[in-house]
Amino acid sequence: MQQKQVRVAVVQAAPQLFDTGGALARIAELTQAAALQGAQLVVFPEAFVPGYPRGLSFGTRVGSRSGEGRSDWQRYADSAITVPGPEIAQMAEIAREAQAYLVVGVVEREGEFGGTTLYNSLVYLGPDGAYLGKHRKLMPTGAERLLWGQGDGSTLTVIDTPFGRVGGLICWENYMPLARMAMYAKGVDIMLTPTADARDTWQSTLRHIACEGRCYVVSSNQYVTKASYPADLACYADIAGDDDVLCRGGSAVVDPLGAYVAEPLYGAEGLLFADLHLPLIRQSRYDLDVVGHYSRPDVFQLTVNEQPQVGVRFR
């Protein structure tokens, strides 16, 4: 029988940029703190390992890249992780010790034989220490497209838990109507939206998704200051003139009828807790189920390709 309530912890923080070991230490510290307050699901922001490089150009202009920028990008690629891999094993052990489901945004390095294509990914770990799956961001936004490759439909992951089906889309993927529809069709009850968007308009997005999908929406953002950036970066000048606070946060939790369970947190690091009343999910779908009685398959149909896409196949 499904639980009637679950406590969720949303992490609003940022590690030292490019410091993979430091990020893992923060995950251990913050997950344990969340577990001590009864959290069964702990959600970290987008690209938490090894950090989201907000404001950095990596020496790029239209038509050219600099040698110094390439050096900084190598540093970023070297701090990315493989999925699964040793860092995932560490996170799985953190989840096991906390007896909680753990979801973390990571920068994933893909490719045999030293390949260096990077992906913005979301990884899922279980309370038994199992690696449960990942999601790769389908569409990197703006200048992110030079940093990260595009995911495919094979990682539209939704996991079963004692408190419902949990899945997520990363940041502006949530503005892709068909991606949202695919997640709704997978029966998502708790929609995770790790992000780097701290604007007021993001809150409108969270509330819309909750009302549209009749699901809980859990959004984890970063609180980032310039102090988390290595001062020896070649492209540090990109942020030198910016305000000290580079991302103010805005983590929040919204219920299936669009009301805040946890109001947005701005201007500080913190753990945001929310107790989700799970029967409200089914109750909310009484008058709106976008993949059921409120769909019109005779008029609209969506086809989702879940096959992994590879450029070279050996037969």
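Residues numbered from 1 in each chain as written. Predicted model: local features only at pLDDT ≥ 70, side-chain atom pairs only at ≥ 80, totals over all residues. Heavy atoms only, no water.

Points about the pairing of strand β14 (residues 249-254)
Okay, step 1: Across the six residues that make up β14, a large majority, six, are buried.
Okay, step 2: On β14, burial covers both faces: Gly249, Ser251 and Val253 on one face and Gly250, Ala252 and Val254 on the other are all buried.
Okay, step 3: Pairing between strand β11 (residues 216-219) and β14: three bridges, direction antiparallel. Counted as the bridge partner of Val218 is Val253 from β14.
Okay, step 4: Sheet topology places β14 next to strand β15 (residues 260-266); four bridges connect them, and they run antiparallel. Residue Ser251 lies in a different strand from β15, and its bridge partner there is Leu265.
Okay, step 5: The hairpin formed by β14 and β15 contains five residues between the paired strands, and Gly258 there has a positive phi angle of roughly 90°. (Buried < 20%, exposed > 50% of the residue type's maximum accessible area, 1.4 Å probe, protein only. Helix = DSSP H or I, 4+ residues; strand = E, 2+ residues; numbered from the N terminus. Pairing = 2+ DSSP bridges.)

Brief notes about the UniProt feature "active site" (unreviewed entry) in the chain
Okay, step 1: Under the present numbering, the feature "active site" (unreviewed entry) in UniProt falls on Glu46.
Okay, step 2: In this fold, Glu46 is placed in the loop between β2 (41-43) and β3 (60-61).
Okay, step 3: Owing to a relative accessible area of 1%, Glu46 belongs among the buried residues under this scheme. (UniProt positions renumbered as here; feature names shortened; annotations may be inferred.)

Focus on the pattern of salt bridges
Okay, step 1: Evaluated as defined, the whole model comprises 17 salt bridges.
Okay, step 2: The closest approach of N and O atoms between Arg285 and Asp189, which form a salt bridge, is 3.5 Å. Of this pair, Arg285 sits in the segment after α8 (279-284) while Asp189 sits in the loop between α5 (177-185) and β10 (190-192), placing them 96 residues apart in sequence.
Okay, step 3: Overall, Arg285 belongs to the partly exposed group, its relative accessible area being 24%.
Okay, step 4: A residue is classified by how much of its surface remains accessible, and Asp189, at 12% relative accessible area, is buried.
Okay, step 5: With a closest N to O distance of 3.2 Å, Arg214 and Asp287 form a salt bridge. Here Arg214, found in the loop between α6 (200-213) and β11, pairs with Asp287, found in the segment after α8; they are 73 residues apart in sequence, far enough to count as distant.
Okay, step 6: Beyond isolated ion pairs, a larger network of salt bridges with shared partners links Glu108, Glu110, Lys134 and Arg136. (Salt bridge = Lys/Arg side-chain N within 4 Å of Asp/Glu carboxyl O.)

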